[in-house]
Amino acid sequence: MGTRNLDEDHILAALLDSDEEPPYADTDSEVEDHESEDDIQSDEEEDFVDEVREEEAATSFEIDPMGEESSDQGTPSTASRRIITPSRRTIRGKNKHCWSTSKSSRRGRVSAQNIVRSQRGPKRMCRNIYDPVLCFNIFFTDEIISEIVRWTNAEISFKRRETMTSATFKDTSEDEIRALIGILVMTAMRKDNHMSTDELFDRSSSTLYVSVMSRDRFDFLIRCLRMDDKNVRPVLRVNDVFTPVRKIWDMFINQCTINYNPGAQLTIDEQLLGFRGRCPFRIYIPNKPSKYGLKLVMMCDIGTKYMINAMPYLGKGTQTNGLPLGEYYVKELTKPIHGSNRNVTCDNWFTSISLAKSLLQEPYKLTLVGTIRSNKREIPEELKNSRSRPVGTSMFCFDGPLTLVSYKPKPAKMVYLLSSCNEDASINEPTGKPEIIIYYNQTKGGVDTLDQMCSTMFSSRKTNRWPMAIFYGMLNIACINAYVVYTHNIATKGEKALNRKKFMENLSTALTSPFMRKRLDAPTLKRYLRDTITNNLLQMSAQEPTEEDTIEPVAKKRGYCKYCPSKIKRKANAMCKKCKAVICRQHNVDMCINCFD
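About the cut-offs
- Residues numbered from 1 in each chain as written.
- Predicted model: local features only at pLDDT ≥ 70, side-chain atom pairs only at ≥ 80, totals over all residues.
- Heavy atoms only, no water.
- Phe/Tyr/Trp six-rings, centres within 6.5 Å; stacked < 30°, edge-to-face > 60°.
- Helix = DSSP H or I, 4+ residues; strand = E, 2+ residues; numbered from the N terminus.
- Buried < 20%, exposed > 50% of the residue type's maximum accessible area, 1.4 Å probe, protein only.
- Lys NZ or Arg CZ within 6 Å of the ring centre and 35° of its normal.
- Core = buried A, V, L, I, M, F, W, Y, C linked by side-chain atoms within 4.5 Å.
- Contact = heavy atoms within 4.5 Å.
- UniProt positions renumbered as here; feature names shortened; annotations may be inferred.
- Pairing = 2+ DSSP bridges.
- Salt bridge = Lys/Arg side-chain N within 4 Å of Asp/Glu carboxyl O.

**Some details on the packing of aromatic side chains**
Alright, step 1. Counted by the stated rule, this structure contains 23 aromatic pairs.
Alright, step 2. Plain terms: the ring middles of Tyr-260 and Tyr-306 are 4.0 Å apart, the flat faces sit at 15° to each other, and that makes the pair stacked. Here the residue Tyr-260 occupies a position in strand β7 (residues 260-261), and Tyr-306 occupies one in the loop between β10 (292-301) and β11 (307-312), the gap between them amounting to 46 residues.
Alright, step 3. With relative accessibility at 0%, the residue Tyr-306 sits in the buried group.
Alright, step 4. Ring centres 6.5 Å apart and planes at 5° place the aromatic pair Phe-396 and Phe-398 in the stacked group. Residues Phe-396 and Phe-398 agree in their burial class; the two are buried.
Alright, step 5. In textbook terms, an aromatic cluster arises when at least three aromatic residues are bridged by ring pairs, as seen for Phe-136, Phe-140, Phe-252, Phe-471 and Tyr-472.
Alright, step 6. Over the ring of Tyr-313 we find Lys-295, and its NZ or CZ is 4.8 Å from the ring centre.
Alright, step 7. A cation over an aromatic ring shows up here: Lys-493 above the ring of Tyr-130, its NZ or CZ 4.3 Å from the ring centre.

**Brief notes about the nonpolar core**
Alright, step 1. Counting residues in hydrophobic clusters, the biggest one holds 132 residues, and the most contacted among them are Phe-136, Phe-140, Ile-181, Phe-252, Met-307, Ile-470 and Phe-471.
Alright, step 2. A total of 18 residues in this core trace back to one element, the largest contributor, which is helix α16 (residues 466-493).
Alright, step 3. Once residues within four sequence positions are removed from consideration, Ile-181 is found in contact with Phe-136, Phe-140, Ile-145, Phe-471, Leu-475 and Leu-511.
Alright, step 4. Counting residues in each nonpolar core, the second largest holds 14 residues, with Val-405, Val-415, Tyr-439 and Tyr-440 among its members.

**A look at the UniProt feature "transmembrane region" (unreviewed entry) in the chain**
Alright, step 1. As recorded in UniProt, the sites labelled "transmembrane region" (unreviewed entry) are residues 466-486.
Alright, step 2. The span residues 466-486 carries 100% helix and 0% strand; its end-to-end C-alpha distance comes to 30 Å.

**Things to note about the pairing of strand β14 (residues 394-399)**
Sheet faces and side chains relate simply in a regular strand, where the side chains alternate between the two faces.
Alright, step 1. A large share of β14 lies buried, amounting to six of its six residues.
Alright, step 2. Neither face of β14 is exposed, since Ser-394, Phe-396 and Phe-398 on one face and Met-395, Cys-397 and Asp-399 on the opposite face are all buried.
Alright, step 3. Taken together, the two bridges between strand β3 (residues 83-84) and β14 define a ladder with parallel strand orientation. Residue Ile-84 lies in a different strand from β14, and its bridge partner there is Met-395.
Alright, step 4. Note: β14 against strand β15 (residues 402-410), six bridges, orientation antiparallel. Following the sheet pairing, Phe-396 is matched in β15 by Val-405.

**A word on the pattern of salt bridges**
Alright, step 1. One pass over the full model with this rule turns up 24 salt bridges.
Alright, step 2. Taking the shortest distance from any N to any O, the salt bridge between Glu-155 and Lys-230 comes out at 3.4 Å. A residue pair is termed long-range when its members are at least 10 positions apart, and Glu-155 in helix α5 (residues 142-159) and Lys-230 in the loop between α9 (215-224) and α10 (233-237) qualify at 75 residues.
Alright, step 3. Among the ionic pairs, Arg-233 bridges to Asp-228, the shortest N-O distance being 2.6 Å. Across the pair, exposure class does not vary: Arg-233 and Asp-228 are buried alike.
Alright, step 4. Linked through salt bridges whose partners overlap, the residues forming this network are Glu-155, Lys-159, Arg-226 and Lys-230.

Next up, the structure:
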């Protein structure tokens, strides 16, 4: 896999600096992915990679490349002794699929299917965006916000009664919906999303949420939030159960696809959005943290964990046009990168011989690396487990550009991987594992790391409506994609990017501040609430870096007040924002937000 090394990128460094953990152990697919083998053979999904360890064979001989016995003092290298080659030149699977046991010698030239002519990074005008809120607006566009406002107001009008005359039940606006999203982002940053609204809007703990909107207004907006027309929903739902969020989802995915150019390696895997309410396509995956939820099949960039494309799993009734389910999802998700010679890594829920062959043809022009289930009829019996086969050995077979390897990490365990990168029978010297497994380990964790980042800072709240669960998932992905774009652009300028927590804080501030300023114009606003909003706006303005702060930073040291008499010599920490003079509380003047501007 010499042409497929994982390139080190400055964006990955920024992601790892943001209090995130490194890619965690791989997760399994659905319950039906698990298969039982006989007494001496048991294959599981891709989590074998983290469990694979070297074990020496309990035999007194080694296996040379031709499968013959040789003494320990023989000339073959350690790597070559770990490869077992069947005596026959060709072997066949149960469906008569023919494999060759030897690979023809390759020329020095790199195969054209392994050459990628593209550079990772944002596209078009996204390269010149350095503000967190502008990066976020790339994905949650004004069109998406206006669509949400339109149908939310329709639901508010339907639920509002004649007695509901307070401001809590009035129609919403685009600024208010953005402020609502800002609250959700703030709860993700502060890890408050698990708290009830009573605790969230309690003034004794924090005044940030109260400054944006009242508790009753927040509850009412969440309850009325809609993304489609309920009048035509029953007709459209007959052909598409995803109708309640289909339009918003398609607009969001389109923005994720057209605004970023991925790298050479990508991962396709699933993400489970936790949900236990009623939903026609809710599934159960016991080895996931949430266990019950909505499955999203997505494609992510390996280096930056940017989500490029995603599709909801709508059950086995999905219209696949005659294709197997896994093959259908791979071909649909890879549409943005067709013809680019990129490589896709996936697990055994997707991988098949027919898929690997078809991806090499027009219009796909993609390579595939992934684990493959042992019950596939194309796998020859010679590659299956046997008691006499030493632990730590590998067997290879070839079919043109396809390479199939079986690796025995334990006495009762076998691992099968398929690659369409025109690989040869190569073993990694330090680990003794096939190079295909090493490459799979490096490229399998794109979606899993994205899922981990979402679980570290996520805005999801408890809900009984599955469209809201999808909306929260979109919001989490939008924040991560926006952070990837931001770190790339900042690194291009040669500056240091904010960590992810600070990025989320600045984003929530930018989303909520315009609506907070509008609240101050209300003549009936209570005095304590007006003071609270003013103080929070002043604090937000003070946190924003100014030109003077960037040119000449001032150390926060205690000094003598400039205006106190020399006999008093009163010390203070506060400084004037303009002249940087030290001032005590007696000479510190409060100012409203309008005069401050």
